[in-house]
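# Geometric and topological summary
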Amino acid sequence: MRAMVLKAPRTPLVCEERPDPEPGPGEIRVKVAACAVCRTDLHVVDGDLPPHRASIVPGHEIVGRIDRLGPGVVGFGLGDRVGIPWLGHACGTCPFCLGGAENLCDAPAFTGWDRDGGFASHVVADAAFAVPLDALTLDDVAAAPLMCAGLIGWRALVKAGEGRALGLYGFGAAAHILAQIARHQGRRVFAFVRPGDEAARAFALSLGCDWAGGSDEMPPVALDAAIIFAPVGDLVPAALKAVRKGGRVVCGGIHMSDIPAFPYSLLWQEREVVSVANLTRADARDFLAAASAARPRIETRVYPLEAANAALDDLRAGRLSGAAVLVP
């Protein structure tokens, strides 16, 4: 197999030839068809998230087909198309798992951080945390961003509540999918992009957003809720200023720069700030049903596996509309 390996934070990935991995009990081996590049991968590579292993293959928005079954696997067969998301394993016994919050598991394993991920030609996954995709009509490249950008966006949308006026800060891979899901639900969507980025503004409007402007602007109406996908702490007080009384601001990333001090008046009148952590298997089932109904247009830019560093650079520099996707 081929794999792009992170040897140390803040260094380029290295292409390696390795023996094909063998799945253990309860595991599947997947031949990777496509793996999207997530901002969380960038946080792992750039050292924003502390290393969990001496070296790691990043990538957790994986779509492929099972080519080997480990002992004891049930519910899957050879050739099945599956997705492999960020949550690669949960203990099932801690209070959070027993309470239905496996995303907060005390002993989790994350794909591309604890377990080798999908920047490779093959990957081994815990079968219990693989997502069946045979019923999904999207092709492999379009389906790959759903495994994190879509799933985390969906969990953030649920956390945002039922409000009809929704603001999205940071119009990248997650927001461009979520905007279409929210529009299908009958919500109004207000997109916030980097100030002066007219291409991103036009892209948001092309997907049906009611308004698009800079993150330093106020929307034309008070928002019921806002979701922040950009890892920029300065956006929290900006979003609080934009939401109505009783509104909610959801922080959708795993990492964010420090939130600056802000006056209590922005939080007063029962405004809330909440975060989203990881995802659950129930999120995957609910989101895929919503995506199948909404049929979002997934904007992608395809890179060969060996160009993973270029894809990360483009994401880091904000040169992407939608999602970068690696194809082995």
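Preceding block: the structure.
Scope of this entry: the structure provided in the associated data block. (Residues numbered from 1 in each chain as written. Predicted model: local features only at pLDDT ≥ 70, side-chain atom pairs only at ≥ 80, totals over all residues. Heavy atoms only, no water.)

## Some thoughts on the nonpolar core
In terms of nonpolar packing, the biggest core is built from 102 residues, with Ile28, Phe119, Leu168, Phe171, Ile227 and Phe287 touching the most fellow members. What Leu168 contacts, discounting residues up to four positions off in sequence, is Ala175, Leu178, Ala179, Val189, Phe190, Ala191, Phe192, Ile227 and Phe229. Within the second largest apolar cluster, 18 residues are counted, among which are Val236, Ala239, Leu240 and Val243. (Core = buried A, V, L, I, M, F, W, Y, C linked by side-chain atoms within 4.5 Å. Buried < 20%, exposed > 50% of the residue type's maximum accessible area, 1.4 Å probe, protein only. Contact = heavy atoms within 4.5 Å.)

## A few points about the packing of helix α5 (residues 173-184) against helix α8 (residues 281-294)
Look at α5 against α8: their axes get within 10 Å of each other, and the N-to-C directions meet at 75 degrees. Classified by the interaxial angle, the pair formed by α5 and α8 is roughly perpendicular. Seen from α5, the contacting residues are Ile177, Gln180, Ile181 and His184; seen from α8, they are Phe287, Ala290, Ala291, Ala293 and Ala294. (Axes fitted to C-alpha atoms, helices over the stretch in contact; angles between N-to-C directions. Helix = DSSP H or I, 4+ residues; strand = E, 2+ residues; numbered from the N terminus. Parallel < 35°, antiparallel > 145°, perpendicular 65-115°, else oblique.)

## Overview of the packing of aromatic side chains
What the rule picks out here adds up to 7 aromatic pairs. When the ring of Trp86 is compared with that of Trp113, the centres are 5.7 Å apart and the planes differ by 15 degrees; the resulting orientation is stacked. Of this pair, Trp86 sits in the loop between β5 (81-84) and β6 (87-89) while Trp113 sits in the loop between β7 (109-110) and β8 (122-126), and the two are 27 residues apart along the sequence. Owing to a relative accessible area of 4%, Trp86 belongs among the buried residues under this scheme. Judged by its relative accessible area of 10%, Trp113 falls in the buried class. Measuring from ring centre to ring centre gives 6.2 Å for Trp154 and Phe287, while their planes differ by 50 degrees; the resulting arrangement is tilted. With Trp154 in helix α4 (residues 149-160) and Phe287 in helix α8, the pair connects residues that are 133 residues apart, well separated along the chain. Among the residues examined, Trp154 registers a relative accessible area of 12% and is labelled buried. Grouped by ring-pair contacts, the aromatic residues Trp86, Phe110 and Trp113 constitute a single cluster. Of note, Arg281 hangs over the ring of Phe129, and the distance from its end group to the ring centre comes to 3.9 Å. (Phe/Tyr/Trp six-rings, centres within 6.5 Å; stacked < 30°, edge-to-face > 60°. Lys NZ or Arg CZ within 6 Å of the ring centre and 35° of its normal.)

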